[in-house]
Amino acid sequence: MMSIFNVKRVNSKFAEMKMLTKLRYFSSLISLSLMILSLSVIAVKGFNWGLDFTGGVVTEVRLDSKVASKDISALLSLASEQEVSVISAGEPGRWVLRYSLPSTQEDVSQHAMDIEQVLQPLNSDVEVLNSSIVGPQIGQELAEQGGLALLVAMLCIMAYLSYRFEWRLASGSLLALFHDVIFVLAFFSLTQTEFNLTVLAAVLAILGYSLNDSIIIADRIREGLRTEPGLPIAEINDRAVKATFSRTMVTSGTTLMTVIALWVMGGGPLESFSIAMFIGILTGTWSSISVGTCLPEVFKLNSDHYRLVPVSDTP
Amino acid sequence: MEKLVRKQGAFTANYAMKRQTRKKLLNHNSPWKYGVLIVTIIVMLLSALPSLFGEDAAIEVSNKAGLSVSLIELHKQLQLAGIDIKRIDQADGQTLVVLAKQAQQTQTKLLLAKLVAKPEHLTLALAPAAPSWLLSLGVAPIKLGLDLRGGVQFLLDVDLEPVYRLHGESLVDSIKQFSREQKLMGTQVRYGDDDSIILVLANSETSDQYRQFIRSQHPRWQVKQEGDGILTVSLKQTEKELLRDFTVKQNLQTMRGRISQLGITEALVQRQGEHRIRIELPGVQDPAAAKSVIGATASLAFYEVKPPGSVNAKILRDDTLTPVYVSRKPVLGGEHIIDARAGIGEMGGAEVSITLDNAGGKLMSAFSRDNIGHPMATSYSEYSRNAQGEVSQQTRVISIATIQSQLGNRFSITGAGDYQEAQQLALLLRAGSMTAPVTIVEERTIGPSLGAENIVNGFAALALGMAMTLVFMGFWYRRLGWVANVALVANIVILFGLLALIPGAVLTLPGIAGLVLTVGMAVDTNVLIFERIKDNLKQGRDFAHAIDRGFDSAFGTILDANLTTMITAVVLYSIGNGPIQGFALTLGLGLLTSMFTGIFASRALINWAYGRNFNRDVRV
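Residues numbered from 1 in each chain as written. Chains lettered and ligands numbered in written order. Predicted model: local features only at pLDDT ≥ 70, side-chain atom pairs only at ≥ 80, totals over all residues.

1. Digging into the sheet that holds strand β3 (residues 85–88) of chain A
Here is step 1: Strand order in the open sheet formed by 8 strands is β3(A)-β4(A)-β2(A)-β5(A)-β22(B)-β6(B)-β12(B)-β11(B), and the pairing between neighbours is antiparallel. Single-partner strands in this sheet number two, and they are β3 of chain A together with β11 (268–272) of chain B. Across the sheet, the mean angle from the axis of one strand to that of its neighbour is 20 degrees, orientation sign disregarded.
Here is step 2: Two strands pair when backbone bridges link them, and strand β6 (residues 151–158) of chain B and strand β12 (residues 276–282) of chain B are joined in this way by 7 bridges, in the antiparallel orientation. Directly across from B:Gln153, in β12(B), lies its bridge partner B:Glu280.
Here is step 3: Contacts between helix α9 (residues 237–260) of chain B and the sheet are confined to β6, β11, β12 and β22 (438–446) of chain B, with β11(B) contributing the most and set at about 165 degrees to the helix.
Here is step 4: On top of the sheet, helix α10 (residues 287–294) of chain B reaches β6, β12 and β22 of chain B; it is set at about 25 degrees to β6(B), its chief contact. (Pairing = 2+ DSSP bridges. Helix = DSSP H or I, 4+ residues; strand = E, 2+ residues; numbered from the N terminus. Axes fitted to C-alpha atoms, helices over the stretch in contact; angles between N-to-C directions. Contact = placed C-beta atoms within 7 Å.)

Below is the structure:
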């Protein structure tokens, strides 16, 4: 079924093939060192957890564009015992105010300030665009739920992979998956971009998408192992990467284009989501070619692992 | 000798056989398949269309409100006040004022309140903006989440601890009384962890007596021997769950009743998890009014009924506003009620059995002894804070029953109507006992301007992403590219159609992000197929056969590639909440529709256009 590469072309392109293998190993080395770097970044810097997970109050207001941030801070610190952070939200006059809540059993809104009242002395029209008050126990629960979702999704995917592919082949896709998720997390840790529920959703979506490329290459590798059992595994992997390369580029390209559209047009609430998806898709493509194909070679995957079960004469 | 069978070989042989049998039918779809395809797309298009027009903010004036002016006058008055009116509909005495600007909804409601007799019958509503011929087909626009529409959302926590504690206290009282009656001296009763009660017996031989008593009198509790002369009594797990369910349901019911006073047609009150209640109020811009209604407290009281016209009495009203004369002071208040459940009595009629605490039991016993044969009224009051912060009280009589005999701390009320009405009464009685305090643990407000901004941004991103993908595919794959593009457009139409059709499906901002991602990923199905077709052409097959083999060999890969994303979508949907569920929904649905259009619809198109093209020099 698979004889895309006729013998002549294989011979003439032998040198290049070697080159591709080298390239794959080289990129795997980069990936591995980046992974170690990413893990240390996460360990050192931690995350800037969003309101969804920590609880607290976030209010977005629109004021007269002449109002300076220090005036707002001054008024807020008069009204609140908690430290209130004032962050500019893109356009002039638009501010995000954030502070934490004391952990009590009472209604959360009792501890929230009436922002319109507090900012009255500014002599500006105060428009509250949105406001979220999340109790500390809810944040805790959401964090636990999010962790659980990540874990369950990982387990389901592992179960699926081990059912669908031989373990040596599956290990590559799995490493690629960890690679992508860790890389995205490290980005959020390094830049201290707020990690909220939407970003978590993006991370979970990356779990699905990252595997997409790996699985399509793995499918070809399996096909190669079955149809041309004599070839060395590096050769089979090179061919699988080449055969799927244009597809990988086209699909990653269109998905990246739409994510960029989301990034450019989607506005503030979807910004971190788009960034996470963007990085996830980039590394997903990269890792499916690098670590995704190299790990099975390290584990010495060969055609024997896809040799078909002997049928015994005696039933 | 061992016989090795190559699966691949077997597969090819099998395949060849299949090819032979359908040789005549290469690249042929039967007419009914085209029929299914066309019908699906038309139905989905019709279902998706109303969402294109969106919804307008409106005020519903029900016929109970008593509109005092004519429609023309109404129109004139509102216009004078600067309200931008789109249209005013009137049907069955109900008037719908449709506005051009959502921001004017609250202002219009205030204006209308002056023109009607009963302002409480005005409700904020949404009217589909689609032409009426479209709406008459029974299709509705996609429901938007709060992050797109603007509004207030609360998450309430129902505290169950006091409920369990109350039951515990009642049991402790009962055990103490039993000890006194049976002259079992020196028994210590104290509260343990986890709402359990610990009995330390002076004489371990009496343990059987206690076990017997609890089993017969308090079957909802279980007794465990902890050591010599120590018994631990705790609520059975099933009872605890039942109690929790009862309490949360009762709170749900109460909240629904209270929220309906706010006059918001599409308010949502639903249970979340074990002991949480989520309330969504679309269109509400000020959470203060909603909070005072949610935070209202209810109480219940039993009164002696006096003959009509009595001087030394107070007048309460029942549901039909008939006055009921009752004693000035209630016999006892709802704080003494521990439990109320509906059931079927000995005579086969519905009844509500009530359990009082010990103090309540004594009061009731003393009162009922002197009043056998007399009626007793039950009243239900709700206290709420209005916008000015004043407490207002609403009281009504929910039942009048005749006392048949002397009552203790467990008695039942009959004559409350059928079983359903008895259940309703039981619910009110439990609500009135106010045993489970409710606290707001999360409050989110999304201003209407931000909601509108989110919609504009989201759909701009969708349009841009879609346009870029269409152009790219058109250039990259040329003649097959347009097939992929038609499939992509059909995919989005079906996706919107499904979102509007599926009950409970809500479009949120992350949901739009899911749609945009779907656009990028949907072409993958076509790309996989086209690459295989290219491979087959390179191997020297003619176009028609390359198409056939391309589709066949790509199918397995497509399934594999989509399944992992499907797994994460399902996990996200089942574990996530609100907006995240919206994302999981569009992501998952998008996968399904992209498989349908990518495989089925584009195959149909390609078969129709190129199915008989046996040219070997085609460039794709």
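2. Things to note about the domain arrangement of chain B
Note on interface size: it is often stated as the accessible area lost on association of the parts.
Here is step 1: Domain boundaries assigned for chain B yield domain 1 (29–51 + 452–610), domain 2 (56–129), domain 3 (161–240) and domain 4 (296–444).
Here is step 2: Distance from the C-alpha centre of domain 1 of chain B to the C-alpha centre of domain 2 of chain B: 42 Å. (Domains from an automatic or database assignment.)

3. A word on the packing of helix α7 (residues 167–191) of chain A against helix α8 (residues 197–227) of chain A
All names here are of chain A.
Here is step 1: The N-to-C vectors of α7 and α8 enclose an angle of 150 degrees; their axes lie 9 Å apart at closest approach. Here α8 runs roughly antiparallel to α7, going by the angle between their axes. Handedness of the crossing formed by α7 with α8: right-handed. Facing Leu169, Gly172, Ser173, Ala176, Leu177, Asp180, Val181, Val184 and Phe188 of α7, the residues of α8 in contact are Val199, Val203, Ile206, Leu207, Ser210, Leu211, Ser214, Ile215, Ala218, Ile221 and Arg222.
Here is step 2: Class assignment of the residues belonging to the contact of α7 with α8 gives a composition of 14 nonpolar, 4 polar and 2 charged. (Parallel < 35°, antiparallel > 145°, perpendicular 65-115°, else oblique. Left-handed = near helix turned anticlockwise from the far one by under 90°. Nonpolar A, V, L, I, M, F, W, Y, C, P; charged D, E, K, R; others polar.)

4. As for the nonpolar core
Here is step 1: In this structure, A:Val203 and B:Val516 are the most contacted members of the largest nonpolar core, which totals 131 residues.
Here is step 2: Looking at which element gives the most residues to this core, the answer is helix α13 (residues 448–501) of chain B, with 20 residues.
Here is step 3: Listed in part, the 37 residues of the second largest apolar core include B:Ile59, B:Ile83, B:Ala267 and B:Val441. (Core = buried A, V, L, I, M, F, W, Y, C linked by C-beta atoms within 7 Å. Buried ≥ 20, exposed ≤ 12 C-beta atoms within 10 Å, placed from the backbone.)

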